[in-house]
Amino acid sequence: MSARARIVGWMLLLVALALSVSLFATWTILLGRLDDRVNEELHNETRKLRSYAGNVDSTGWTVSELLDSYLAVNVPDRWETFFTLVDARPDSVSGVPAPVRLDEDEDLVEILGEATVPTPGRWPSTAGEVRYATIPVRMTGDDRSGHFVVAVFYDRHREEVVDSVRVLAFTALAALALAGGAGWFVAGRVLAPVRLVRQAAAQITDSSDLTRRLRVSGNDDVAALAATFNHMLDRLERAFAAQREFVDDAGHELRTPITVIRGHLELMGEDDQAETLALVTDELARMNRIVDDLLTLAKAGQPDFLSPEEVELADLTVSVVAKARALGDRRWRVEEVAEERVLADRQRLTQALVQLTANAVRHTRVGDLVAVGSSVRDGLVRLWVRDSGPGVPAEDRERIFERFVRGGSRTGEGAGLGLAIVRSIAESHGGTVRVEESPGGGALFVMKFPCKEVG
């Protein structure tokens, strides 16, 4: 069963339950009111008869004459009838036709004629249940006993209640059908992005086409799902493109030392074994460095790439300069230190700064300046490496951070992965790295990322 059908089904079930409760409550309330109305009518007729007998001049009247006089001025309501008994025998009946002549029911007449006080009761007639009240009447100077009987055909009133509830039930069913149709339409509109997500996922699975996007409209949770799916496709497309580029570049870079090694091994003679062995060892070491750098870049997108800890920026800056001194005979300088503790990955930041200092060494000469510094300004941590070398041309300042791109290195060393690693480390910290103009000439590499203070 589809989600659309389940949603509409549950909605209809809840609506049907609510309507059923409403109908049952209406049925119960109407029947309760009917009982109250019938009982009130029986009591009201008793009061009216007493009031009439007390107000009319009945001097010299017989019981029969009094009852006939009352029947003449009192007209029964709908599904109601009056009749009188004299000496426990039928005497008169109201002029309004009744569903059935109760005064002709001998068993009922016998019961009514025995009443000595006003008595209510129920009787199963051929027209359904009857609610009645018999009122004894006596007149001075007349030894005969009289009874005035009020009878209400209860089942006829009850049928009217049933008809009303039946109409409500049919109306409820129509409303339920309309609600189902409207719910089916609305659920289809609301779930349309989900259906598009499923179709897009199926097409991507079948064709591996990551360029497909969903058209998002609205601002509800389902529209947000479609937007999130589009963002996921954007990331997947970038990841697959980067993967293809990565594989192509890695294959190209690794193919070169393999070709060199194979060529020298094929041409190796007995006299040049030592030279060939040294060359092969050097190329294998370069391949090993390339593989290590590739693994670092591959891990950059993983959640466990960083291991945040408390980092003292001053100690980090000084320790990097101490480690970098072994890279070359340069004028090493700690330019500025930040007396701050931040939450970051000390090992990765050290790796990035050492890469930048190694890059500076490759582009400078003996005695040139290489300076390292750190600061915290406007909520951003700044780590930089500055050198007095030839600098970086403006057109290359973005390109040099791509994989396997080599700048104008003085030594020609490196696989072109160092600056890509630095950029990955900066982005993993939520920051950036770029080349800026150095005040004294040369290159100035600045890494910035948000300052997360230690709690």
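Scroll up for the structure.
The shown structure was predicted, so the numbers you read here are calculated from the model rather than taken from an experiment.

1. Quick look at the pattern of salt bridges
Once the charged atoms of two side chains with opposite charge are near each other, the side chains can pair.
No. 1: Counted according to the given criterion, the structure contains 17 salt bridges.
No. 2: A salt bridge links E104 to R101, with the shortest nitrogen-to-oxygen separation between them at 3.9 Å.
No. 3: Taking the relative accessible area as the measure of exposure, E104 reaches 57% and is therefore exposed.
No. 4: Of the charged contacts, one joins R144 and D142 as a salt bridge, the two residues approaching to 3.4 Å between their closest N and O atoms.
No. 5: Taken together, the shared-partner salt bridges in this structure form one network comprising D35, R122, E129 and R131.

2. Points about the sheet that holds strand 5 (residues 142–153)
No. 1: Pairing in this open sheet of 5 strands is antiparallel, and the strands run 2-1-5-4-3 from one edge to the other. Two strands lie at the open edges of the sheet, namely strand 2 (89–93) and strand 3 (119–125), each paired on one side alone. Ignoring which end each strand starts from, the neighbouring axes of this sheet average 30 degrees apart.
No. 2: One ladder, built from 9 bridges, connects strand 4 (residues 128–139) with strand 5; its direction is antiparallel. Among the inter-strand pairings, P136 is bridged to a residue of strand 5, identified as H147.

3. Focus: the nonpolar core
No. 1: L316, L383 and F445 are the most contacted members of the largest nonpolar core, which has 38 residues in total.
No. 2: Residue assignment for this core shows that the elements contributing at least two residues are helix 7 (313–324), strand 8 (341–344), helix 8 (346–362), strand 9 (369–377), strand 10 (380–387), helix 9 (418–428), strand 11 (432–437) and strand 12 (443–450).
No. 3: Looking at this core element by element, the count peaks at 6 residues for helix 8.
No. 4: Setting aside chain neighbours within four positions, we find F445 in contact with L356, N359, L383, W384, V385, V392, I400, F401, L419, R434 and V435.
No. 5: By size, the runner-up hydrophobic cluster in this structure holds 22 residues, among which are L31, V38, L49 and Y70.

4. Focus: the environment of G146
No. 1: Looking at the secondary structure, you find G146 in strand 5.
No. 2: Taking the C-alpha atoms as reference, G146 lies 4.5 Å from V86; in sequence the two are 60 residues apart.
No. 3: Among all residues touching G146, those that are not within four sequence positions of it are V63, L67, L85, V86, I135, P136 and V137.

Here is what the cut-offs are and how they apply
Residues numbered from 1 in each chain as written. Predicted model: local features only at pLDDT ≥ 70, side-chain atom pairs only at ≥ 80, totals over all residues. Heavy atoms only, no water. Salt bridge = Lys/Arg side-chain N within 4 Å of Asp/Glu carboxyl O. Buried < 20%, exposed > 50% of the residue type's maximum accessible area, 1.4 Å probe, protein only. Pairing = 2+ DSSP bridges. Helix = DSSP H or I, 4+ residues; strand = E, 2+ residues; numbered from the N terminus. Axes fitted to C-alpha atoms, helices over the stretch in contact; angles between N-to-C directions. Core = buried A, V, L, I, M, F, W, Y, C linked by side-chain atoms within 4.5 Å. Contact = heavy atoms within 4.5 Å.

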